Amino acid sequence: MNALPAGLNRVVAFLVAVAMIAVGAAAIAWELKVTWVRDRIADIDASWFDRAPDAGWWVYVLAGIAVGGIVIGFFLLSVNARPRKIGDVELPGSDNSGTLAVSPGKIAHAVADDLAHHRLVSSTRSKAVDDRKRKLLEITVIADPTTSFDDLLPVVENAQRQIRGALPGSDLRARVLIHLEKSKASAQRVN
Amino acid sequence: MTTPTPSDAHGVPVPDARKLKPPTATPGSVVVTTLFALVLLAIAGIAIRDFIIEMKWISGTEWIAAASRWISSLSWQVWMWPAAVALIIVGLWFLIVSITPRPKTHFAVAGAEDVDGYSPSTWTRRVDVARRSSAVARDVRDVLEANTVVKKRKVKVSVLLSEDSPETRAAITERVTAAIAPVAPGRTVKLKTRVKKVDQSVTPPAPIARPAMPESFAAGAAESESDSPTLIKEQS
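Just so you know, these numbers come straight off a predicted model, no measurement behind them.

*Asks:* Go over the overall build of chain B with me, naming the residues and quoting the values.
*Replies:* Looking only at helices and strands, chain B features 6 helices and 7 strands. Tracing chain B from N to C terminus, the helices and strands come up as α-α-α-β-β-β-β-α-β-β-α-β-α. Expressed as a percentage of its 236 residues, the buried residues of chain B come to 33%. Contacts in chain B between residues at least 24 apart in sequence constitute 54% of all its contacts with a sequence separation of at least 6. If you sum the accessible surface of chain B, you get close to 15100 Å²; carbon and sulfur atoms cover 61% of it.

*Asks:* Help me get a handle on unusual backbone geometry, residues and values and all.
*Replies:* One non-glycine residue, K56 of chain B, lies in positive phi territory at about 65 degrees. Despite not being glycine, D142 of chain B shows a phi value in the positive range, around 75 degrees.

*Asks:* Break down the pairing of strand 5 (residues 143–150) of chain B for me, with residues and values.
*Replies:* A regular strand carries its side chains on alternate faces of the sheet. All names here are of chain B. Bridge count for strand 5 against strand 6 (residues 154–161) is 7 bridges, and the pairing is antiparallel. Following the sheet pairing, V150 is matched in strand 6 by V155. Hairpin connection between strand 5 and strand 6: a loop of 3 residues separates the two successive antiparallel strands.

*Asks:* Mind laying out the packing of aromatic side chains, listing which residues take part and the relevant values?
*Replies:* When we look at a pair of aromatic rings, we describe it by the centre distance and by the angle of the planes. Applying the stated rule across the entire model yields 7 aromatic pairs over all chains. Taking the centre distance of 5.2 Å and the plane angle of 85 degrees together, the rings of W48 of chain A and F49 of chain A count as edge-to-face. What makes F49 of chain A partly exposed here is its relative accessible area of 23%. Both rings, one in W93 of chain B and one in F94 of chain B, keep their centres 5.3 Å apart while their planes meet at 40 degrees; by these two values the pair is tilted. Judged by relative accessible area, W93 of chain B falls into the exposed class, the value being 53%. Ring pairing ties together the aromatic residues W30 of chain A together with W76 and W81 of chain B, which thus form one cluster. Sitting over the face of the ring of W63 of chain B, R49 of chain B holds its NZ or CZ atom 3.9 Å from the ring centroid.

*Asks:* Any chance you could break down the packing of helix 4 (residues 58–81) of chain A against helix 1 (residues 29–54) of chain B for me, citing the residues and the numbers?
*Replies:* At a minimum axis separation of 7 Å, helix 4 of chain A and helix 1 of chain B run at an interaxial angle of 150 degrees. Taken together, the axes of helix 4 of chain A and helix 1 of chain B are roughly antiparallel relative to one another. Read as a crossing pair, helix 4 of chain A and helix 1 of chain B show a hand that is left-handed. Its residues assigned to classes, the contact of helix 4 of chain A with helix 1 of chain B shows 22 nonpolar, 5 polar and 2 charged.

*Asks:* Provide a residue-level description of the pattern of salt bridges, including the pertinent values.
*Replies:* Here the structure, examined in full by the defined rule, presents 10 salt bridges over all chains. The salt bridge partner of D43 of chain A is R40 of chain A, with a shortest N-O separation of 3.6 Å. Of this pair, D43 of chain A and R40 of chain A both sit in helix 2 (residues 35–43), 3 residues apart, which is roughly one turn of that helix. Across the salt bridge formed by D128 of chain B and R131 of chain B, the nearest N and O atoms sit 3.9 Å from each other. With D128 of chain B and R131 of chain B both in helix 4 (residues 126–138), this residue pair falls 3 residues apart, about one helical turn. Exposure remark for D128 of chain B: the relative accessible area of 0% places this residue in the buried category. For R131 of chain B, a relative accessible area of 14% puts it in the buried group. Among the charged side chains, a salt-bridge network with shared partners connects K127, D131, E138 and R175 of chain A.

*Asks:* Tell me what's going on with the interface of chain B and chain A, and back it up with residues and numbers.
*Replies:* Every contact between the two is made by 91 residues of chain B and, on the other side, 80 residues of chain A. Both faces combined, the contact of chain B with chain A buries some 7400 Å², and carbon together with sulfur accounts for 65% of it. When residues of chain B are sorted by the area they lose upon contact with chain A, W76, R131 and R132 of chain B head the list and together hold 8% of the total. Counting the contacts that link chain B with chain A gives 1 salt bridge. With its nearest N and O atoms 2.8 Å apart, the salt bridge here joins D54 of chain A to R69 of chain B.

*Asks:* Which residues make up the side chain of S72 of chain B, and what are the values?
*Replies:* One can find S72 of chain B in helix 2 (residues 63–72). For S72 of chain B, a relative accessible area of 18% gives the class buried. Only 2.5 Å separates the side chain of S72 of chain B from the backbone oxygen of R69 of chain B, close enough to count as a polar contact. If near-sequence neighbours (up to four positions away) are discounted, S72 of chain B is found in contact with A46, F49 and D50 of chain A.

*Asks:* Please provide a residue-by-residue account of the nonpolar core, values included.
*Replies:* L137 of chain A together with V159 and I172 of chain B are the most contacted members of the largest nonpolar core, which has 48 residues in total. Broken down by element, the residue count for this core peaks at 7 residues, all from helix 6 (residues 149–166) of chain A. Discounting chain neighbours no more than four positions away, the residues touching L137 of chain A are P104, I107, A108, K127, A128, I163, L167, L172, R173, A174 and R175 of chain A. Counting 11 residues, the second largest nonpolar core, distinct from the first, contains A13 and L76 of chain A together with A37 and F94 of chain B.

*Asks:* I'd love a proper account of the sheet that holds strand 3 (residues 121–131) of chain A, names of residues and values included.
*Replies:* Spatially, the 5 strands line up as an open sheet ordered 3(A)-4(A)-5(A)-4(B)-1(B), and their pairing is mixed. In the strand order of this sheet, the two ends are held by strand 3 of chain A together with strand 1 (107–108) of chain B, each with one partner. Of the pairings in the sheet, the one linking strand 3 of chain A to strand 4 (residues 134–143) of chain A comprises 10 bridges and is antiparallel in character. In the sheet register, T124 of chain A faces strand 4 of chain A, and the bridge partner there is V141 of chain A. Each of strand 3, strand 4 and strand 5 (173–180) of chain A together with strand 4 (122–124) of chain B touches helix 6 of chain A; the most contacted strand, strand 5 of chain A, lies at about 155 degrees to it. Packed on one face of the sheet, helix 4 of chain B meets strand 5 of chain A together with strand 1 and strand 4 of chain B and runs near 45 degrees to strand 5 of chain A.

Analysis parameters
Residues numbered from 1 in each chain as written. Chains lettered and ligands numbered in written order. Predicted model: local features only at pLDDT ≥ 70, side-chain atom pairs only at ≥ 80, totals over all residues. Heavy atoms only, no water. Helix = DSSP H or I, 4+ residues; strand = E, 2+ residues; numbered from the N terminus. Buried < 20%, exposed > 50% of the residue type's maximum accessible area, 1.4 Å probe, protein only. Contact = heavy atoms within 4.5 Å. Areas by Shrake-Rupley, 256 points an atom, 1.4 Å probe, with all protein chains shown as cover. Pairing = 2+ DSSP bridges. Phe/Tyr/Trp six-rings, centres within 6.5 Å; stacked < 30°, edge-to-face > 60°. Lys NZ or Arg CZ within 6 Å of the ring centre and 35° of its normal. Axes fitted to C-alpha atoms, helices over the stretch in contact; angles between N-to-C directions. Parallel < 35°, antiparallel > 145°, perpendicular 65-115°, else oblique. Left-handed = near helix turned anticlockwise from the far one by under 90°. Nonpolar A, V, L, I, M, F, W, Y, C, P; charged D, E, K, R; others polar. Salt bridge = Lys/Arg side-chain N within 4 Å of Asp/Glu carboxyl O. Buried area = accessible area lost by both parts, 1.4 Å probe. Polar contact = N/O pair within 3.5 Å; in protein donor to acceptor, adjacent residues only side chain to side chain. Core = buried A, V, L, I, M, F, W, Y, C linked by side-chain atoms within 4.5 Å.

Now the structure itself:
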């Protein structure tokens, strides 16, 4: 997730948290007869809440709540649901006469598919993502825990060299994640 | 010390190259924001319903209007204690979530090649180092079970042995250290062993050789044995 949506999520979570703490603390302070809180609550015209639904503008308030809730709600959902896809990558050979471009996702899929056929690799996953303003081909290599890292690393590095060789001068980089399968014989914990 | 200039495999400079960051988990604040968005949509749904009632297209009681009137006559009630405390606790939890850095899910593999000459490109998880360590330990003779806990500086391997010996311990430590060296060379391997206890009740008694009897004595014994059966007590 990039910095902007991550920051927006943090701000929203912070504001929601502060609002919840303020309401909870104000309620307790009211019951404990804290003078400052009682004075502030006394300043609020409680009868206004009783009169408001009968006012002529109430229907506009309802419309505002509906529109505002839908717009903000869907916006916040879209911020988190939006896939971090990256656009096509321009290949060497592109010039004024034409552009050669390739989908990064297809490159990632091709490399992952090639890796998956290696005898040391059980399976692979791949995706092209924009992670904190880094364009990445993320390939997850899953192997059996009996496979040595010494044997696996050259296989992975070879795939990375192929990616770099295919995209000279591009800021698209490979990020390979090595995962080992869970052994049925035992469980592992990480602290 | 100079910072290497980012360049690709062919030495072509990559102007926009930035140092890769470790893979991280989705921030916890995403969950809070998503929940908040769903609450907003639910409120919007209620507002639409109330709007339709207000326009007299359908009949019913307006919920938001009822809530507003309820606020006007609000007084302290017993249930507000747990509600207020719950609001504060959940609010504090959301506050912590909003400021906590997103957890790193992987660490850079020490022995792998770099990208552009300075960014780590290959990553793995501590649980994978644990799985590899356990697999290596299980291959050592006399090891029945192996579990591994990988910490920041240590790799703690717990093994169940059929028979304990200094050679077995040394072999496990040596092999695990060698196995994780390509990815996590700085970690020290700590070994904890247990020996499987053999249940005595299921162990058959050691055979006892019966001395050969003289032929004449054996014939007499056989005769008396037929008259009164002898109770043979099982040795434990």
